[in-house]
There are 2 protein chains.
Amino acid sequence: MAHRPVGRAGVQLTSGLLHDWQQRNRSVSLPLALRQLESAGNLDNLRLAITGTSTGTGTSTGIGASVSADLAEQYRGPAFMDSDLYKTLEAVSWELGRAAAPELAAFAAEATSLLETAQQADGYLNSYIQATGGRRYARLASSHELYCAGHLIQAAVAASRTFDGGQLLQVARRFADHLADSFLGRQAGLDGHPIVETALVELYRETGEPDYLRLASQFVEQRGHGLIGDSGFGSRYLQDQQPVRESATEAGHAVRALYLESGIVDVAVETGDAGLLAASAARWDDMVTTKTALTGGNGSRHSGEAFGDAFELPPDRAYNETCAAIASFQWSWRLLLATGDGRYADLMERVLYNGFAAALSADGRRFFYVNPLQRRDDHFEDDDPGRRRQWFSCACCPPNIMRLIASLDHYIASVAGDVLYVHHLTGSRITGRLPQGTLGLDITTGYPWTGGAELRVDSAPDAKCALAVRVPGWAGEVAVSVNGQRLDAGPDAHGYLVIRRCWRPGDVLIWSTDIRPRLTYPDRRIDAVRGTAAVERGPLVYCFEQADQPDGTSVEDLALDQPAALSERAGTLPGIGPTVTIEAAAQRLRPTSHRGIPFFPEPDVATAGSPVAAVAIPYFQWDNRDGRAMRVWLPLTGPAGPATTEHPAAGRDAPPTDIE
Amino acid sequence: MAHRPVGRAGVQLTSGLLHDWQQRNRSVSLPLALRQLESAGNLDNLRLAITGTSTGTGTSTGIGASVSADLAEQYRGPAFMDSDLYKTLEAVSWELGRAAAPELAAFAAEATSLLETAQQADGYLNSYIQATGGRRYARLASSHELYCAGHLIQAAVAASRTFDGGQLLQVARRFADHLADSFLGRQAGLDGHPIVETALVELYRETGEPDYLRLASQFVEQRGHGLIGDSGFGSRYLQDQQPVRESATEAGHAVRALYLESGIVDVAVETGDAGLLAASAARWDDMVTTKTALTGGNGSRHSGEAFGDAFELPPDRAYNETCAAIASFQWSWRLLLATGDGRYADLMERVLYNGFAAALSADGRRFFYVNPLQRRDDHFEDDDPGRRRQWFSCACCPPNIMRLIASLDHYIASVAGDVLYVHHLTGSRITGRLPQGTLGLDITTGYPWTGGAELRVDSAPDAKCALAVRVPGWAGEVAVSVNGQRLDAGPDAHGYLVIRRCWRPGDVLIWSTDIRPRLTYPDRRIDAVRGTAAVERGPLVYCFEQADQPDGTSVEDLALDQPAALSERAGTLPGIGPTVTIEAAAQRLRPTSHRGIPFFPEPDVATAGSPVAAVAIPYFQWDNRDGRAMRVWLPLTGPAGPATTEHPAAGRDAPPTDIE
């Protein structure tokens, strides 16, 4: 059964990690973004576009543009600079919907006014084309014009749902109407970078205008027929090599591929197209099985910021762009709503607490664009500074992080029939409107640091209805009790504990599971991490960072014992703040001094060493100290065998375990 | 003691693999190149340059060039198209020096005449600049003008030493004089792509003109000071981030880095600069230890065609450009001559029979640009077709292969003092001019297919002198006998068996070593191939290609037994020709059908399977059948342990073994 979001008003984050991230986002990251947009030129570009239009050198026809060379030279940054502003406006909108914030409100008002003024008479709006005098839609393979339009639409929908009286929505609608006039029913006009597809469906949902859905559907169906042309990286980079109903695996530029999937699912759901939905879901299965890192990261290659071959998952050379994590999260959410299957929430969780969360520094001021699972000392990349940065010349990631964090409350719960589903346990207030009435919950939990949660009912219909809580894929047994009475219930086929009863205000459901650290081993088909293991705890992937190792032991000389005793300690680390560290029994191998060709007639077995307690921290907290070496996967000593901590069953493939 | 080459006349290849490669190169590959240079536009570009010059639209001042737009549009290919022609001319020159060949001679005459005509009055010559009206030396970071000049000089030196009466050498000298006029003593003018450095030293050796050496030295010393500017990939890509006397490791674009090293060694040797030589030799050691694949390939990254971090040696994503193998080979040869150390010859051998040889198809008609050690089925690369091609839009590799093969005889032997050194055993006639007189050898061997060689003396001075034969780094004991008498001699500190006696015509030295297949294991610091082994036999690296596996067993489901029995069989394979295949005792693992996230709480140990004889062929012979999956490194089953075949000691690090 398809799920409905509980809506923006249906969840408030009240405490815990996600709540704290939202607060940091609001008070630290977003103000930083406002300054960056001014200093990097995003707002100036719009001012240039206005000048171009007002002096008559701009064009509203797109033909024979004759903007002065002077204006064109003043344009700063890549062609898609507007999208950074739009993503920031979306984040600001969600924040203004939550509480007043004068600085954010002033920015939104100014930006909205700029956009209104810059918009041309026929609805077209793009600072790059308007300021540089480029011809509209002439180079859609690389111009990002519809991509920018998509982010404008998403910002406008957010503004419309929160603080704005409809001012920005009108700008977006005028542009969307212009897009429909320009493209609907024609076979030319696909953007090299998807996002307008999902944005147009959102605008359709917001306004009811069927042309927006039709245009989204057209864009989705036209893709994969070689209509886009060449951006210099080939058709696969643009997902233009195969129709979306036929493609079986993710390929090309990861962010583009995954944004497109959100549009595909949106179109499929709104048009009731089961075949289209199934094609997307099959690719999701393939991606999770063959092209997703332990952290949930996607995109194994720097070249083309692209997906690699099946099981090509190098920890050191993975690209795992932050925006790909965001796109994956949004796609999984849509599949979760469409199907109710908890596997999608599992991946959302893996991405959220690992591959996505690592993109932001502990202080909320610095950002990763690339998220590998290993870094060597003396590491060098052409296209990755190796450490987080305040901003980027191509700044797609930072404001994208901000809009996701500002909207995290949207992804916590949903409703299907008479069931209120809680997908992600976090300190929150949840209100689900069920057919019988409203079921309200107040959730208190230390999750993901702890394995327990208290769900207190604070309002309930006067009839039976159900509350469903996900059993995470990593978890073994989950124990639940209601008002102190343990329930004998196992997860349903979708991975949820569904408790149907006549709920009463004051009822308390206690949820708990074993969150002790565990070792995780890779599928034998992943060549790049053969002979290694990683440490996980609950939904958190851990990593061994140089700063934490005892006596300066190099992380390159660590090998995990087999079996490996794991112990944990909650505490606070300088630069990081609250965390839970894990000590793993390991060997400190003799540093190798061999010089000469590094291939030998006998195995270079990693057994000789002295015992050492290797220290791991959550992956998302790395690179908040000295920026030295880091590894998620550590080599194993001796023959492979089980670790000493008890392991829960493997994911959903294992038979469900009965709840005591 | 520094070595002298025996010179072009000092070695003739008479039989065996290298001889057969030269024959194939002459009869198949080179004629193909002549047609490609015509059809790809390399010659037409020169004709355009002549038109531009003759109609007065070309410029001899480089200022205010005003070539017609029409001409500029007719130019085809990248800016360095001339270099493809020069490399081919170099190969043709070596061939014409060996024996008459009317087709090759006609091409050389036509091309030389074209170059003479296209050359401008002041000596400048570059079809791209002349045809497109670009300003000379204005964009040296990317224009490849000095790079093309370097290859012209190399071709001219080859022509001068073989068939040409000095016609092409005059063209090269005029250009070199122009370069000296333009750059000598100034601090502006470094090419983004080295090769002119080593070429200028060669021209100095050929002509005695000291300005050529001075200019080479200046280019070497100016590099690394940020003088080149930006080609869009940063200073490291261009080896401009650190002076060559300070840099400790190879970085950036691999071909550029390694061509530069040849120039550095050449300058160091000709100027007697021990510090400069030591810096280059130290980087060679570092490269061999940390950045060289088992096949001798260099350049771990597609991004920037670049060296990666230390021990970043992925088999699947290695770039290992063919031109980098050639550059490595040429650099090692120069260090070998400078030092006499057999480790350089070891690497030359590893590169020659593996990373380099694989670049050419068995029929000599198709070429690899990228040489990974693993290919998955359904593999995709943006920048690599995955299979050999007839030619490339950037066709640097094919004619580079041809010039190296055409000159392989140069690299077989050298002379130092009264010792004739044989570095590479292959069917050949070798003549070494020693102080006492001429020592002549006729070598008959099946090497690298067999471990035996017969060296028959056919002329000798009437005094004591020495013959030295390399003991390969992979070999254990080497037995030698002279006229049936076994000698009790071990290799010297440089890895050579040196036999000093009064040699007589008719003396026969028999050389033999165990060439049975062996397993090779990686250094534990190489993350990407942990838990695997490869098969080698003599100097040949082997690979498991899908076409050879019994009952269609997927190479992805093979795991080598530990210990693994290895057996060999000489034979002929369709598409490949003569070869020695190796069967390795292995397990055929159950194909994994797991769907879902590929990470588990228990090791996914590769033990369950049925015995199978996995079949390996020499790596250089892969991709001559169906182009399906290939692996050099196979996972190991069970605990690590030695294989059943006896292993020779590991490289030069092991103490030398006495010869019986």
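Residues numbered from 1 in each chain as written. Chains lettered and ligands numbered in written order. Predicted model: local features only at pLDDT ≥ 70, side-chain atom pairs only at ≥ 80, totals over all residues. Heavy atoms only, no water.

Describing the pattern of salt bridges
Part 1: Applying the stated criterion to the full structure yields 107 salt bridges over all chains.
Part 2: When the shortest N-O distance is used, the salt bridge between R376 of chain B and D309 of chain A registers 4.0 Å. Of the two residues, R376 of chain B sits in the loop between strand 3 (374-375) and helix 16 (397-406) while D309 of chain A sits in the loop between helix 13 (274-290) and helix 14 (322-339), which places them in two different chains. Grouping residues by exposure puts R376 of chain B and D309 of chain A together as buried.
Part 3: Taken together, the shared-partner salt bridges connect R301, D309, E312, D527 and R530 of chain A together with D316, R317, R376, E381, E556 and R631 of chain B into one network. (Salt bridge = Lys/Arg side-chain N within 4 Å of Asp/Glu carboxyl O. Helix = DSSP H or I, 4+ residues; strand = E, 2+ residues; numbered from the N terminus. Buried < 20%, exposed > 50% of the residue type's maximum accessible area, 1.4 Å probe, protein only.)

As for the packing of helix 10 (residues 196-207) of chain B against helix 12 (residues 254-271) of chain B
Residue and element names in this part refer to chain B.
Part 1: For the pair helix 10 and helix 12, interaxial distance at closest approach is 7 Å and the crossing angle is 35°. Contact residues: helix 10 offers E197, T198, V201, Y204 and R205, while helix 12 offers L260, S262, G263, D266, V267 and E270.
Part 2: Of the residues that constitute the contact of helix 10 with helix 12, the class distribution is four nonpolar, three polar and four charged. (Axes fitted to C-alpha atoms, helices over the stretch in contact; angles between N-to-C directions. Contact = heavy atoms within 4.5 Å. Nonpolar A, V, L, I, M, F, W, Y, C, P; charged D, E, K, R; others polar.)

Focus on the interface of chain B and chain A
Part 1: Facing 70 residues of chain B, the contacting portion of chain A comprises 70 residues.
Part 2: Here chain B and chain A share an interface that buries about 6,100 Å² over both sides, 50% of which is from carbon and sulfur atoms.
Part 3: Seen at the junction of chain B and chain A, the total is 12 salt bridges.
Part 4: The tally of links between chain B and chain A comes to 37 residue pairs in polar contact (both at pLDDT 80 or more).
Part 5: Contributions of two or more residues to the side of chain B that touches chain A are made by helix 13 (274-290), strand 14 (518-522) and strand 20 (599-600) of chain B.
Part 6: A class-by-class count of the residues in the side of chain B that touches chain A yields 29 nonpolar, 15 polar and 26 charged.
Part 7: Across two bridges, the pairing between strand 20 (residues 599-600) of chain A and strand 14 of chain B is antiparallel. Residue F599 of chain A lies in a different strand from strand 14 of chain B, and its bridge partner there is P522 of chain B. (Buried area = accessible area lost by both parts, 1.4 Å probe. Polar contact = N/O pair within 3.5 Å; in protein donor to acceptor, adjacent residues only side chain to side chain. Pairing = 2+ DSSP bridges.)

Some points on the packing of aromatic side chains
Part 1: All chains considered together, the criterion is met by 42 aromatic pairs over all chains.
Part 2: Pairing Y447 of chain A with W511 of chain A gives two aromatic rings, centres 6.0 Å apart and planes at 80°, and the pair type is edge-to-face. Here the residue Y447 of chain A occupies a position in the loop between strand 7 (437-445) and strand 8 (452-459), and W511 of chain A occupies one in strand 13 (residues 508-513), the gap between them amounting to 64 residues. One exposure class covers both Y447 of chain A and W511 of chain A, and it is buried.
Part 3: Considering the side-chain rings of Y369 of chain B and F392 of chain B, the 5.4 Å spacing of their centres and the 65° angle between planes classify their relative orientation as edge-to-face. With Y369 of chain B in the loop between helix 15 (342-356) and strand 3 and F392 of chain B in the loop between strand 3 and helix 16, this residue pair connects regions lying 23 residues apart in the sequence.
Part 4: Among the residues examined, F392 of chain B registers a relative accessible area of 12% and is labelled buried.
Part 5: When the ring centre of F380 of chain B is taken as reference, the NZ or CZ atom of R236 of chain A above it lies at 3.8 Å. (Phe/Tyr/Trp six-rings, centres within 6.5 Å; stacked < 30°, edge-to-face > 60°. Lys NZ or Arg CZ within 6 Å of the ring centre and 35° of its normal.)

Topic: the confidence of the model for chain A
All names here are of chain A.
Part 1: The share of residues in chain A with pLDDT of 70 or more is 93%, and the mean pLDDT across the chain is 93.
Part 2: Below a pLDDT of 50 lies the segment residues 56-65, which in the model reaches 19 contacts outside its immediate sequence neighbourhood of four places, other chains included.
Part 3: The low-confidence segment residues 639-660 (pLDDT under 50) makes 65 contacts with residues lying over four places distant or belonging to another chain.
Part 4: As scored by the predictor, the complex reaches a pTM of 0.93 and an ipTM of 0.92. (pLDDT = per-residue confidence, 0-100.)

Focus: the relation of the copies chain B and chain A
Part 1: Superposing chain B onto chain A takes a rotation of 180° combined with a translation of 0.0 Å along the rotation axis, leaving an RMSD of 0.0 Å. What the superposition gives is, in effect, a two-fold axis relating one chain to the other.
Part 2: Both copies share a contact surface, since 100% of the interface residues of chain B are interface residues in chain A too. (Least-squares fit on C-alpha atoms with pLDDT ≥ 70 in both.)

Structural notes on unusual backbone geometry
Part 1: A cis geometry characterises the amide bond from Y447 of chain B onward to P448 of chain B, with omega recorded as 10°.
Part 2: When you line up the elements, P448 of chain B lands in the loop between strand 7 (437-445) and strand 8 (452-459).
Part 3: Each neighbour pair has its own omega, and for Q562 of chain B with P563 of chain B the value is 0°, a cis peptide bond.
Part 4: You can see P563 of chain B is positioned in the loop between strand 17 (558-560) and strand 18 (566-573).
Part 5: The backbone of Y137 of chain A sits at a positive phi, close to 55°, despite the residue not being glycine.
Part 6: Locating Y137 of chain A in the fold gives a position in the loop between helix 6 (127-132) and helix 7 (140-143).
Part 7: Phi at D623 of chain A takes a positive value of approximately 60°, unusual for a residue other than glycine.
Part 8: Turning to its location among the elements, D623 of chain A is positioned in the loop between strand 21 (609-618) and strand 22 (630-631).

Here's the deal with the sheet that holds strand 6 (residues 427-434) of chain A
Residues and elements named next belong to chain A.
Part 1: What the seven strands build is an open sheet, ordered 2-6-7-8-13-10-11; its pairing is antiparallel. The open sheet has two edge strands with one neighbour each: strand 2 (11-15) and strand 11 (485-486).
Part 2: Pairing geometry for strand 7 and strand 8, over six bridges, is antiparallel. Bridge pairing links L441 to V457 in strand 8.

Observations concerning the side chain of N320 of chain B
Residues and elements named next belong to chain B.
Part 1: Structurally, N320 is set in the loop between helix 13 and helix 14 (322-339).
Part 2: Polar side-chain contacts of N320 include one of 3.3 Å to the backbone nitrogen of N298.
Part 3: Other than its neighbours up to four places away in sequence, N320 contacts A293, T295, G297, N298, G299, Y369, V370, N371 and L373.

Remarks on helix 16 of chain B
Residue and element names in this part refer to chain B.
Part 1: By the criterion of burial, helix 16 is predominantly enclosed, with 10 of the 10 residues buried.
Part 2: Buried within helix 16 we find C397, P398, P399, N400, I401, M402, R403, L404, I405 and A406.
Part 3: On its buried side, helix 16 packs onto helix 1 (17-40), helix 4 (81-98), helix 8 (145-161), helix 12, helix 14 and helix 15.

Considerations on the pairing of strand 7 of chain A
Residue and element names in this part refer to chain A.
Part 1: Alignment of strand 6 against strand 7, held across seven bridges, turns out to be antiparallel. Following the sheet pairing, S428 is matched in strand 7 by I443.
Part 2: Hairpin remark: strand 6 followed by strand 7, antiparallel, with two residues in the connecting loop.
Part 3: Remark: six residues form the turn of the hairpin made by strand 7 and strand 8, two consecutive strands paired antiparallel.

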